[in-house]
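# Working through the structure, step by step
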Amino acid sequence: MNDMWNKNIEALSVTHPALAEKLSDYVGKVEKGMENLPDEGFECGTSIVADRKILFAVKDGATFQLDTLYDQAHLMEMWYSNTVQTTYQLKCIFFGLGNGMYVRKLFETGETTLKALVYEPGLTVFLETMQEFDLTDILSDKRLQLIVEGFAEEPINEYLYRFISYHDIKHSIYQAYPNYSNLMRDKVKGFDERIQLLLMGVRATRDVLGRYGRKQTINSIVNTEYFVNGKSLYDFQSKCPKDIPVFIVASGPSLDKNGALLDAAKNKALVIAADSAVSALLKKGVVPDLFVTTDAVKSPKHMDNERAAKIPFVAELESNDMLLKNMSSNGFFINDLNPYVYRFLRSKNIVLPVFSTGGSVANTACAIAIAMGFKNIVLVGQDLAYTNNKTHASDTVRGQMQLSVEDDNLYEIEGYYGDKVITSSEFQLYRDWFEEQIENHPEVSFYNATEGGAMIHGAINISLKDAIEQFCVNEVDIVGIFADTKDLLEDSIKEEYRTYIRELPDKLEVQKRHIQGAIRDYDKMIELAHKGKFSGSQMTKLLESTSKVAENLEKVPEMYYVMCLMQKELQEITEDVYETEKSVTKEIISAANKGKEYLDIVLTGVNVLLGKIEDRWESVEFMLMRSKELYDEQHK
């Protein structure tokens, strides 16, 4: 490799040291004849045209330009003006780095809050550009997250799920590099499908937050003591043998006919149930080893059984506190990306597991099983369709409601037995997620023992009876393993965390004063604009102060609770935030009024949250002040 390669690798090592090391090792082996370059079906090179170096590829005798023969700056300016509405908090996903022209154009704006994720599917192209183009400014920029085909540490979708959240949906763009679709058609199609699935999941999460954001926010505070006394999922994972199967049990109608068979899997498998399936399993005499609950408004009736209270659980801080309060067993908590909690845990070098899920609790349960390293995963009750015109198993809460499945949005898909079954777009989203995981994890064998419902492509259809006989051959003491699992937090850290939560109202009061000051500054800006005073030190100071407050609200972890609380209102106001006016006066007044309206909503959120904390603080304080011994005594 040449000097340009060395310069680029050195720059890459600043932001992506592991990737830089892997690439260097790989290229070194190629140069020594120990590795072969991949056969991607095309060759890549550069040529000089009109004193410019042009990147191109040749496939099946045809030449494809990966750059423009004309003015690249003009091309990028056209793309930028037609595509990018704002760079503040912008999230950009690029299919292909190429010679870096798209990323460089974005980074030239100097906006520190934007981020770019680049997936480079063509190693041939990447190696060529690393030798021929100076990419040091891009590769050393911390705003870049680079993923190169064959060198990713995780499946691509894992990076995507972490990169885009429901807060980013309005301020994100996706761009494929020119002619990549001609060179790598299948990879483009696969990546487009991943993006589509990601956005569907993000929109679903955002819609749920809009409906239940207030409940989620309060849950995450009230659930403090359950979290403090939680167990370490990483420690549990390390103690569980990986040669046993995992049964992921959902609450589909097919659970009526085969759910009782799961009793034979006890002590020979790990049985993880969706919260909605627990009551049905208990009525069949089956006690799952774990159940998963993540919904903020999940009905406590799912746990309306004294045996259910003793089952260990996996939850998020935002899970329904009214459901968790019935639990006498401790459980595991997974990361719901709460920055306020994350800041504390990071200071103690503690990590909560992060899982990408497809929207259902059963999806989350399956993601946990995959992450824990189990090699045989068996799906049960995962109909994902209206089997016999039913939505859920008879002994579940929703099954007893006998819900109607009449809906104009229902449609037919391939069934478990090769027949046609009726499903919904929601169920289809869950099924797509399963099929994506099956494709992304060839090291795991997936079996569908639902015996009904939708066909899950890639999973091996098997009867539950046969699955138990085939895989449940080794004894395992899951109860003993759980009892031996370490707590997530040491006792001293538990008390520090309680104190940290107690400080939340005081921190919100500080932000409240900043917001009120910024609202007064916006009023002054409007007054100056009416007087025609568009420039000058006073307007400059006001612009700087209001901008600083707005940026700070996005960065201060405690404001996460407020943003979740007011998600629906904030989403509505930001729909037209980038509309422009025809005169300077109107532009300034309009921007100031929109800024005021935004801050008014945030201020309302702060006041509502402080009020709700005060209403619940007596019970929260009681929980925070209890010793671990009293907690354990209360929950025997």
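Conventions adopted
- Sequence positions are assigned chain by chain, starting from 1 and proceeding in written order.
- This being a predicted model, a pLDDT of at least 70 is required before a residue's local features are given, and a value of 80 or more before pairs of side-chain atoms are given or counted; all residues contribute to the totals for chains, interfaces and linings.
- Heavy atoms throughout the structure, all of them, feed into the side-chain values; hydrogens and water do not.
- Working definition of a nonpolar core: buried Ala, Val, Leu, Ile, Met, Phe, Trp, Tyr and Cys residues. They are joined through side-chain atoms within 4.5 Å.
- Remark: exposure states derive from per-residue accessible area (1.4 Å probe, protein chains only) relative to the maximum for the residue type, with buried under 20%, exposed over 50%, and partly exposed in between.
- Secondary structure elements are defined from DSSP: runs of H or I of at least 4 residues count as helices, runs of E of at least 2 residues count as strands, and each element is numbered from the N terminus.
- Residue contacts are defined here by distance: any two heavy atoms, one from each residue, within 4.5 Å place the two residues in contact.
- Note on pairing: DSSP must find at least two bridges between two strands before they are called paired.
- Pairing of aromatic rings covers Phe, Tyr and Trp, the last counted by its six-membered ring, and requires centre-to-centre distances within 6.5 Å; plane angles under 30 degrees mean stacked, over 60 mean edge-to-face, and any other angle means tilted.
- Here, expected helix span is obtained from the residue count minus one, scaled by 1.5 Å.
- Summarising the geometry, the arc corresponds to the directions from the helix axis toward the C-beta atoms.

## Regarding the nonpolar core
Nonpolar side chains tend to gather and get buried jointly when the protein is soluble and globular. Counting residues in each nonpolar core, the largest one holds 87 residues, and the members touching the most others are Phe227, Phe247, Val249 and Met559. Top contributing element to this core by residue count: helix α26 (residues 584–625), with 12 residues. Beyond its immediate sequence surroundings of up to four residues, valine 249 is in contact with Leu255, Leu262, Val271, Ile272, Ala273, Ala274, Ala277, Leu281 and Val380. By size, the runner-up hydrophobic cluster in this structure holds 62 residues, among which are Phe64, Leu123, Met130 and Ile173.

## Here we look at the environment of tyrosine 500
As for its placement among the helices and strands, tyrosine 500 is situated in helix α21 (residues 491–502). Residue tyrosine 500 is classed as buried on the basis of its relative accessible area of 9%. Spatially, the C-alpha atom of tyrosine 500 lies 9.1 Å from that of valine 341, the residues being 159 residues apart in sequence. Once you skip the residues sitting within four places of it in the chain, tyrosine 500 turns out to touch Tyr340, Arg343, Phe344 and Lys507.

## Things to note about the sheet that holds strand β8 (residues 246–249)
In spatial order, the strands read β12-β11-β10-β9-β8-β13-β16-β17; together these eight strands make up an open sheet with parallel pairing. This sheet does not close on itself; its edge strands, each paired only once, are β12 (332–333) and β17 (460–461). When β8 meets strand β13 (residues 376–380), the two strands line up parallel, connected through four bridges. Each residue of the ladder has a partner; that of isoleucine 248, found in β13, is leucine 379.

## Describing the pairing of β13
When a strand is regular, its side chains alternate between the sheet's two faces. Counting buried positions along β13 gives four out of five residues, so the element sits mostly inside the fold. Pairing of β13 with strand β16 (residues 445–448), which is carried by four bridges, proceeds in the parallel orientation. Following the sheet pairing, isoleucine 377 is matched in β16 by phenylalanine 446.

## Thoughts on the packing of aromatic side chains
With the rule as written, the count across this model stands at 26 aromatic pairs. A ring pair is formed by tyrosine 340 and tyrosine 561, whose centres lie 5.7 Å apart and whose planes are at 65°; its orientation type is edge-to-face. Taken together, the positions of tyrosine 340 in helix α15 (residues 339–347) and tyrosine 561 in helix α24 (residues 559–565) put the pair 221 residues apart, joining distant regions of the chain. For tyrosine 340, a relative accessible area of 0% puts it in the buried group. Ring plane angle 50° and centroid distance 5.3 Å describe the contact between tyrosine 386 and phenylalanine 427, whose orientation is recorded as tilted. One end of the pair, tyrosine 386, is in the loop between β13 and α17 (397–401); the other, phenylalanine 427, is in helix α18 (residues 425–440), with 41 residues separating them in the sequence.

## Considerations on α21
Compared with an ideal rise of 1.5 Å per residue, which puts 12 residues at 16 Å, α21 spans 17 Å between its outermost C-alpha atoms and is within 8% of the ideal. Every buried residue of α21 is accounted for by Ile493, Lys494, Tyr497, Arg498, Tyr500 and Ile501. Projected down its long axis, α21 carries its buried residues within an arc of 160°, all on one side.

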